[in-house]
Amino acid sequence: MGDSLERLGSDSATAMGIDTAMKDGELGMEIDGTGPFRESAATAEDWRRALNRVVPAVVVLRTTACRAFDTEAAGASYATGFVVDKQRGIILTNRHVVKPGPVVAEAMFVNREEIPVFPVYRDPVHDFGFFRYDPNAVQFLEYEEIPLAPEAACVGLEIRVVGNDSGEKVSILAGTLARLDRDAPHYKKDGYNDFNTFYIQAASGTKGGSSGSPVIDWQGRAVALNAGSKTSSASAFFLPLERVVRALKFLQKGRDAHGNKWEAVSIPRGTLQVTFLHKGFDEIRRLGLRSEIEQMVRHASPPGETGMLVVDSVVPGGPAHKHLEPGDVLIRVNGEVITQFLKMETLLDDSVDHKIELLIERGGIPATVNLLVQDLHSITPDHFLEVSGAVIHPLSYQQARNCRFRCGRVYVAEPGYMLFRAGVSRHAIITKFAGEEISVLDDLITVLSKLSRGARVPLEYISYLDRHRTKSVLVTVDRHEWYAPPQIYRRDDSTGLWSIRTAFQPQSPLPHSSTLDGDLVLAKQAASTAEVTMEQVDQERRQELIDGVASMETNDGHSSEGSHAQDELDIGKKKRRVEEDLSVDGAAVDYSLLDNRELELKDTRNGESAVVTDYQSPPALSANASYAEHVIEPTLVMFEVHVPPSCMVDGVHSQHFFGTGVIVYHSQGLGLVAVDKNTVAISVSDVMLSFAAFPIEIPGEVVFLHPVHNFALVAYDPSALGPVGTSAVRAAELLPEPALRRGGFRLSSDCPRYRAINMEVIELDTDFGSTFSGVLTDERGRVQAIWGSFSTQLKFGCSSSEDHQFVRGIPVYSISEVVNKIVSGAKGRPLLINGVKRPMPLVRMLEVELYPTLLSKARSFGLSDQWVQALVKRDPVRRQVLRVKGCLAGSKAENLLEQGDMVLAINKEPVTCFRDIENACQALDNSDDTDGMLNVTIFRQGREIDILVGTDVRDGNGTTRVINWSGCIVQEPHSAVRALGYLPEEGHGVYVARWCHGSPVHRYGLYALQWIVEINGKPTPDLDAFISVTKELEHGEFVRVRTVHLNGKPRVLTLKQDLHYWSTWELSSYIVLGEEWLKRSGTCMEAADLDRAWESGTKLMQLVAMQVEYL
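Residues numbered from 1 in each chain as written. Predicted model: local features only at pLDDT ≥ 70, side-chain atom pairs only at ≥ 80, totals over all residues. Heavy atoms only, no water.

On to the overall build of the protein. A count of helical and extended segments in the protein gives 23 helices and 62 strands. In the structure as shown, the protein presents an accessible area of about 42500 Å², 49% of it carried by carbon and sulfur atoms. (Helix = DSSP H or I, 4+ residues; strand = E, 2+ residues; numbered from the N terminus. Areas by Shrake-Rupley, 256 points an atom, 1.4 Å probe, with all protein chains shown as cover.)

Below, the structure written as structure tokens:
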């Protein structure tokens, strides 16, 4: 009962695959009464000798599924295997351990010798597979192979299960075989299940990690293979070995035929794509079996036969489709009475590509059917397409049984980024793409090759949960911006690896204009008075990341026990509700001039112009709408934000956000929208804007993320709105000094991510719910605050944190200041927006987290009456003083200000609120004094102290550089990490933000929330040093990594680099810099390409390099 299989049968999986048990309800089985036991003649000494021979041949298998594929998700796990051929180096284990997709594995013997192993065969149906290894690699252990003896299994046989039970490396569990004819266990509706075979049952109580353990008798022979268990009892399920012995002989012959070289071995496997069940004669009679047939079958069958085989299901499109039906009773095959699975499968395997004759009875009526036996391997996928993090391959026989679709259809094993963004779930069947019918994977590749990056095309698919209805979504093609070009992976059993090649040559390495190939996409607006509920699309599994893997984690590994990787992608579920219609009244914008006017939209895909005539203005607001509603309606914008899994930096907690923003600047060449940072959390995002004033959806660019306040600015190209949209949309009038003078605000967060500090917010006595966002205006429609969303994590007792969303008013004074600087020209670095380089403002700040304390409490700490009176005079409403909660690590205030200090004055002027400190910092920018020092008067431990404190200058770009190494995302520590008040002395520039399931860091435990301070003894104080060290590492090389956790605990671990499945790449923003960029990226981008990037007007994170040659 191993890792993935047990995991597939449960709601969660433990870290590193020390598997959790399957739910009883999901197994859906009842344990029959055990058969008669017989006493074993074996003595304790016999068992001791047998175990001494067996234990050295049993290995712990550490496997890593590098990609989601077919029935298995990406992940790392432990399991068991045992040597069945020492001379040739063959290890037997379960199919769900070998994996149907790409896998990297190692075997550890009892003396802790570790050797690499490679998959050589996995059965398409039954739960067994083989790894191969180099026998010469085992140098310090004497061991013998374990012989296979399927004929020795019998009811009452005393057995021992030797394996890695519960992750204990070697466990020996005793039991007695109770049944030899148990139905194959059913683990999961949408995952792997064995069928068309009996299983052996015993009460051995095996648990996670013991998948692939040998079930031995007192002579040291393997009589069965451990596969699964039932947690509501001690029952374990073992696979009989008859078909295993056959497959092993083929492998041995194939190995001998090629001398010292392993080549792919063909093991004949036949199928009718029919699932049979073994039912008792009483039930067979109820199905209509005639009594004379029953007598004939009983006479022709072995003594003790209890039933016959009955058709349970038939896969559509298979050889038996429309020939066999559920309930058909199988009597003869090629004239021979068949009542056992083993005999039936032997006939099928020996008759591949030949016809066989089946005699059946259907409701008591005999019928003869001639069917062609199909090659089972031909309907078992051995390749897949990886595009924008998605894994897509032909539908396998296993999944075709589960969802009743024809084998070979285009199946989504992992939706990745592009498909997840469109709402396509795992296990979907793609039927049409860009208007073309999709029958096989090559059809999809052909259509993709014709589409340019950024094209938006329809896709139709069927979900196995709702197979009778076709769903249609709009897919935005994203081939090169966040991910590598589409690639084809194909299994190569001669090497044990999956070869990789480019699916097709990309048409353009650079982005098109920000109007999505020139297309103007009209968005469907909600009907008037309708309520539209937006919520994050659920990700059905493994989030995990980088090219081809969407499944990622932000935890440090310890909290992953009992949690599935997919859950991490769902915890940030955030809803937005927009009530009423997105319409505007002619009082704000005169639409009368637009009636009966033609709106021409250019379609660059076909080179023609589409004409939309008679555009009518949106219906007016209801008669009782206020003047403010008429004024503010044309300024509102609805956001849909998607974050690529490969770029989930800065602790961002979700992939998908909705929200509402307000236009704060609108001109012919530039539009700016303000929105909360719980909607636009990081700059590495795909932002789509829908305007209330005009039914259109266009992309936006994140141009500014305030380092302190909870707002971001997103730019759009007004020309993309067209002449009608440009005139309909307008900017809101901001009222930066509302008469709101109450309270302070701060948030806490468990996992380091942006949290609002040092800001004042507005609370209302009316509860609009936690999902409603918009703006707060005065009676004239002037915006006083953004009604924005905040996110925090609440922890209840010792349980894990839960994400909590709420809304508050964000005053617009800071927004107004930033917008004015952008429009008038700031002092910061230039950013290309809509083809124009605009200097972006810098923010000078005192990097200290503060909180307000009432003066009444401050007096109790010893604050003098003189200061109390001065502060009351300064602010008679608040009557508060600011105290220091902590300094951001690495800031200029660190080691100067201490926790608990009361900030009384700056430059001899009393301060009582956060705004006072911001004004003091801005005054430094306006003065000729450039030392950036503030004269701060503080009260500390009964004394008033004057101290000079430095300020820090931050930009609004957010994280602009990311490196993916061995499946972990590393970046410079963002402000939320520094706010914890600690940075390692050894170096703090390489912070692990996320890690991928199925990656080397998952396999070896290099989780998030820690710094990498050394690689092979070489310091890595920053990203440049990290690149310099890692680019020298070879594929397959073991690396010594020294880390420091957020809690300050150091750790050293080793990690084996895998550049085949997990190439190293860097993602970097080229929003600035011309020649400096060319110098850093070397030959990755030519000057002409860079010029086109500037001309495109699109800010993006560019894939700098693949493999390790990124500098």
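Attention now moves to the environment of Leu735. Inspection of the secondary structure assignment puts Leu735 in the loop between helix H14 (722-728) and strand E41 (774-777). Separated by 78 residues in the primary sequence, Leu735 and Tyr813 have C-alpha atoms spaced 7.5 Å apart.

In this section: empty space enclosed by the protein. Approximately 320 Å³ is the volume found for the second largest cavity. Lining the second largest cavity are 22 residues, and of these His706, Val843, Arg844, Met845 and Glu918 sit closest to its centre. If you list the elements that add at least two residues to the lining of the second largest cavity, you get helix H15 (813-824), strand E46 (843-845), strand E47 (848-854) and helix H18 (914-926). The biggest single contributor to the lining of the second largest cavity is H18, with six residues. For the lining of the second largest cavity, a count of residues per class yields 12 nonpolar, five polar and five charged. (1 Å grid on protein atoms, 1.4 Å probe; cavity = no way out; pocket = protein on both sides within 12 Å on 5 of 7 lines; lining within 4 Å. Points joined across faces, edges and corners; volume = space filled by probe spheres on them. Nonpolar A, V, L, I, M, F, W, Y, C, P; charged D, E, K, R; others polar.)

All chains considered together, the criterion is met by 19 aromatic pairs. Their ring planes at 65° and their centres at 6.3 Å tell us that Phe109 and Tyr133 sit as a pair that is edge-to-face. Highlighted residues: Phe109 in the loop between strand E4 (103-108) and strand E5 (114-122) and Tyr133 in the loop between strand E6 (129-132) and strand E7 (158-163), separated in sequence by 24 residues. Just as Phe109 is buried, Tyr133 falls in that class too. Relative to Phe130, the ring of Phe128 lies with its centre 6.0 Å away and its plane at 80°, an arrangement referred to as edge-to-face. Owing to a relative accessible area of 0%, Phe130 belongs among the buried residues under this scheme. Feature note: the residues Phe69, Phe384, Tyr489 and Trp498 constitute an aromatic cluster, connected by ring pairs. Sitting over the ring of Tyr143, Lys86 keeps its end group 4.8 Å from the ring centre. The ring of Phe195 is capped by Arg401, whose NZ or CZ atom sits 3.8 Å from the centre of that ring. (Phe/Tyr/Trp six-rings, centres within 6.5 Å; stacked < 30°, edge-to-face > 60°. Buried < 20%, exposed > 50% of the residue type's maximum accessible area, 1.4 Å probe, protein only. Lys NZ or Arg CZ within 6 Å of the ring centre and 35° of its normal.)

Our next topic: the sheet that holds strand E43 (residues 802-811). Sheet architecture is open: three strands sit in the order E41-E42-E43, paired in antiparallel fashion. Edge positions in the open sheet fall to E41 and E43, since each of these has one partner strand only. Adjacent strand axes in the sheet meet at a mean angle of 35° when their direction is disregarded. Here four bridges tie E41 to strand E42 (residues 783-794), and the two strands are oriented antiparallel to one another. When the bridges of E42 are listed, Gly774 appears paired with Trp787. (Pairing = 2+ DSSP bridges. Axes fitted to C-alpha atoms, helices over the stretch in contact; angles between N-to-C directions.)

Once that is clear, we can look at the nonpolar core. Counting residues in hydrophobic clusters, the biggest one holds 73 residues, and the most contacted among them are Phe639, Phe691, Trp965 and Ile1012. Core analysis: the next-biggest nonpolar cluster, separate from the first, contains 51 residues, Leu92, Ala107, Phe131 and Trp262 among them. (Core = buried A, V, L, I, M, F, W, Y, C linked by side-chain atoms within 4.5 Å.)

Per the stated rule, a full pass over the model turns up 59 salt bridges. Its salt-bridge partner being Asp70, residue Arg95 comes within 3.5 Å of it at the nearest N-O pair. Here the residue Arg95 occupies a position in helix H4 (residues 95-98), and Asp70 occupies one in the loop between strand E1 (58-65) and strand E2 (75-85), the gap between them amounting to 25 residues. Asp70 carries the same exposure label as Arg95, and that label is buried. Here Glu283 makes a salt bridge to Lys279, at a shortest N to O gap of 3.5 Å. Look at the salt bridges and you will find they share partners, linking Asp123, Arg243, Arg246, Arg269, Glu345 and Asp349 into a network. (Salt bridge = Lys/Arg side-chain N within 4 Å of Asp/Glu carboxyl O.)

Moving on: unusual backbone geometry. A positive phi angle is found at Asp70, which is not glycine, with a value near 55°. For Arg404, which is not a glycine, the phi torsion comes out positive at approximately 60°. One can find Arg404 in the loop between helix H9 (397-403) and strand E23 (410-414). With a relative accessible area of 41%, Arg404 lands in the partly exposed category.

Here we take up the sheet that holds strand E39 (residues 697-705). If you walk around this closed barrel you meet the six strands as E35-E36-E37-E40-E39-E38, and the pairing is antiparallel. On average, each strand axis in the sheet is tilted by 40° relative to the strand beside it, whichever way the strands run. Two strands pair when backbone bridges link them, and strand E35 (residues 636-642) and strand E38 (residues 686-691) are joined in this way by six bridges, in the antiparallel orientation. Residue pairing for E38: Phe639 is matched across the bridge by Leu689.

The geometry of helix H5 (residues 242-257) relative to helix H8 (residues 341-349) is characterised by a closest axis approach of 11 Å and an angle of 25° between their N-to-C directions. Of the possible angle classes, the one that applies to H5 and H8 is roughly parallel. Here H5 contributes Glu242, Arg243 and Arg246 to the contact with H8, which in turn contributes Leu342, Glu345, Thr346 and Asp349. For the contact of H5 with H8, the per-class residue count stands at one nonpolar, one polar and five charged. (Parallel < 35°, antiparallel > 145°, perpendicular 65-115°, else oblique. Contact = heavy atoms within 4.5 Å.)

For helix H7 (residues 291-300), the full list of buried residues reads Ile293, Glu294 and Val297. Down the axis of H7, the buried side of the element spans an arc of 100°, and every buried residue falls inside it. Turned more than 90 degrees from where H7 packs its buried face, Gln295 and His299 sit exposed. At its buried positions, H7 is contacted by helix H6 (281-286), strand E15 (307-314), strand E16 (329-333), strand E17 (336-337) and strand E18 (355-362). (Arc of directions from axis to C-beta.)

For the rest of this paragraph, the subject is H15. An α-helical turn contains 3.6 residues, so any two residues separated by three or four positions project in the same direction. Under the 1.5 Å per step criterion, the end-to-end length of H15 is 17 Å for 12 residues, consistent within 8% with the ideal 16 Å. Among all positions of H15, only Tyr813, Ser814, Ile815, Ser816, Val818, Val819 and Ile822 are buried. Just beyond H15, the residue with positive phi is Gly825, at close to 105°. (Expected span 1.5 Å × (residues − 1).)

What follows concerns the side chain of Glu697. By the element assignment, Glu697 lies in strand E39. Exposure remark for Glu697: the relative accessible area of 12% places this residue in the buried category. At a separation of 3.0 Å, a polar atom in the side chain of Glu697 contacts the side chain of Arg456. (Polar contact = N/O pair within 3.5 Å; in protein donor to acceptor, adjacent residues only side chain to side chain.)

Turning our attention to the pairing of strand E22 (residues 390-394). In terms of burial, E22 is largely enclosed, as five of its five residues are buried. Direction of pairing for strand E21 (residues 383-387) relative to E22: antiparallel, over a ladder of three bridges. Bridging from a neighbouring strand, Leu385 pairs with Ile392 of E22. Judged from the four bridges that link them, E22 and E23 form a sheet pairing that is antiparallel. For Val391, the partnering residue across the bridge sits in E23 and is Glu414.

Counting buried positions along strand E37 (residues 671-675) yields five of five residues, so the element is predominantly enclosed. Direction of pairing for strand E36 (residues 656-666) relative to E37: antiparallel, over a ladder of four bridges. In the sheet register, Tyr665 faces E37, and the bridge partner there is Leu672. The loop that links E36 with its antiparallel partner E37 comprises four residues. Of the pairings in the sheet, the one linking E37 to strand E40 (residues 712-716) comprises five bridges and is antiparallel in character. Bridge pairing in E40 links Ala674 to Leu713.

Locating Arg62 in the fold gives a position in strand E1. Look at Arg62 and you get buried, because its relative accessible area is 17%. Excluding residues that lie within four positions of it along the chain, Arg62 makes contacts with Ser77, Tyr78, Val104, Ala105, Glu106, Glu114, Arg1003 and Tyr1004.

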